[in-house]
Amino acid sequence: AMTVSPRLRARVMAGLSRQNWSAFLVLNHTSAYQDAAVSATHLTTGELKNVTRRVRAFTTWDLQCLYAFNRQLELRAGIRNLFNQPAPLSFAQTSSQVFGANTVYSNLWGRSLDLGMTFRF
């Protein structure tokens, strides 16, 4: 299996904190990259060829909020992939269970909600 690497992966975060709450907006960007070669059969001729393609660049946004009730209790809520961007098609297999997406550089779940609580005692 061939390893692929995008030229640029960036994660930029901006946040705002006030007394007992905080909010963060996170930009996740992966540049376009050359995908791993895949063997494909031409349906008309039956000829087997190695095909390479370019995986498009993609960007997702995450939003996270935190509220501290006191020093012992904090609640967190976040939305990953806020605008529900689909993972780009990629043939670089990173798992035997997943084909068609590179799970190292993208997320198959789409928009997801994260909830958390911290309790200190």
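Residues numbered from 1 in each chain as written. Predicted model: local features only at pLDDT ≥ 70, side-chain atom pairs only at ≥ 80, totals over all residues. Heavy atoms only, no water.

*Asks:* Residues and numbers for the environment of Phe69, please.
*Replies:* Within the element layout of this structure, Phe69 appears in the loop between strand 7 (58-68) and strand 8 (73-80). With relative accessibility at 47%, the residue Phe69 sits in the partly exposed group. With 42 residues separating them in the primary sequence, Phe69 and Leu27 have C-alpha atoms 28 Å apart. (Helix = DSSP H or I, 4+ residues; strand = E, 2+ residues; numbered from the N terminus. Buried < 20%, exposed > 50% of the residue type's maximum accessible area, 1.4 Å probe, protein only.)

*Asks:* Describe the packing of aromatic side chains, naming the residues involved and giving the relevant values.
*Replies:* Tallied over the entire structure, the rule returns two aromatic pairs. Arranged with centres 4.8 Å apart and planes meeting at 80 degrees, the rings of Tyr67 and Phe69 form a pair that is edge-to-face. Here Tyr67 falls in the partly exposed class, since its relative accessible area comes to 35%. (Phe/Tyr/Trp six-rings, centres within 6.5 Å; stacked < 30°, edge-to-face > 60°.)

*Asks:* Could you give an account of the confidence of the model for the protein, with specific residues and numbers?
*Replies:* Summary statistics for the protein give a mean pLDDT of 90 and a share of 93% for residues scoring 70 or more. Put simply, strand 4 (residues 38-41) is where the protein has its lowest mean pLDDT, 86, and strand 8 is where it has its highest, 98. (pLDDT = per-residue confidence, 0-100.)

*Asks:* For unusual backbone geometry, give the residues involved together with the corresponding values.
*Replies:* Of note, the phi angle at Asn81 is positive, near 55 degrees, even though the residue is not glycine. Summarising the element assignment, Asn81 is placed in the loop between strand 8 and strand 9 (112-119). Non-glycine residue Asn84 carries a positive phi angle of around 55 degrees. Looking at the element boundaries, Asn84 is found in the loop between strand 8 and strand 9. The exposure class of Asn84 is partly exposed, given its relative accessible area of 39%.

*Asks:* Please provide a residue-by-residue account of the layout of surface pockets, values included.
*Replies:* Computed from the structure, the largest pocket encloses a volume of approximately 350 Å³. Lining the largest pocket we find 20 residues, and of these Asn28, Thr60, Tyr105, Ser106 and Asn107 sit closest to its centre. Taken together, the elements giving at least two residues each to the lining of the largest pocket come down to strand 1 (9-18), strand 2 (21-30) and strand 7. Counting residues per element, the lining of the largest pocket draws most heavily on strand 7, which supplies four residues. Roughly 200 Å³ of internal volume is contained in the second largest pocket. Looking at the lining of the second largest pocket, the elements with two or more residues in it are strand 1, strand 2, strand 7, strand 8 and strand 9. (1 Å grid on protein atoms, 1.4 Å probe; cavity = no way out; pocket = protein on both sides within 12 Å on 5 of 7 lines; lining within 4 Å. Points joined across faces, edges and corners; volume = space filled by probe spheres on them.)

*Asks:* Describe the pairing of strand 2, and please don't skip the residues or the numbers.
*Replies:* Where strand 1 and strand 2 come together, ten bridges link them in antiparallel fashion. Paired with Met13 across the two strands is Val26, which belongs to strand 2. The hairpin formed by strand 1 and strand 2 contains two residues between the paired strands, and Gln19 there has a positive phi angle of roughly 35 degrees. Pairing geometry for strand 2 and strand 7, over ten bridges, is antiparallel. Within the sheet, the bridge partner assigned to Leu25 lies in strand 7 and is Leu63. (Pairing = 2+ DSSP bridges.)

*Asks:* Outline a nonpolar patch on the surface, listing residues and values.
*Replies:* Taken together, the side chains of Leu16, Trp21, Tyr67, Phe69, Leu75, Met117, Phe119 and Phe121 make up a nonpolar region of the molecular surface, amounting to roughly 940 Å² of accessible area. Secondary-structure assignment places Phe121 in the segment after strand 9. Assessed through its relative accessible area of 93%, Phe121 is described here as exposed. (Patch = residues over 30% accessible without salt bridge, like charges linked within 9 Å, V, L, I, M, F, W, Y side chains within 5 Å. Areas by Shrake-Rupley, 256 points an atom, 1.4 Å probe, with all protein chains shown as cover. Salt bridge = Lys/Arg side-chain N within 4 Å of Asp/Glu carboxyl O.)

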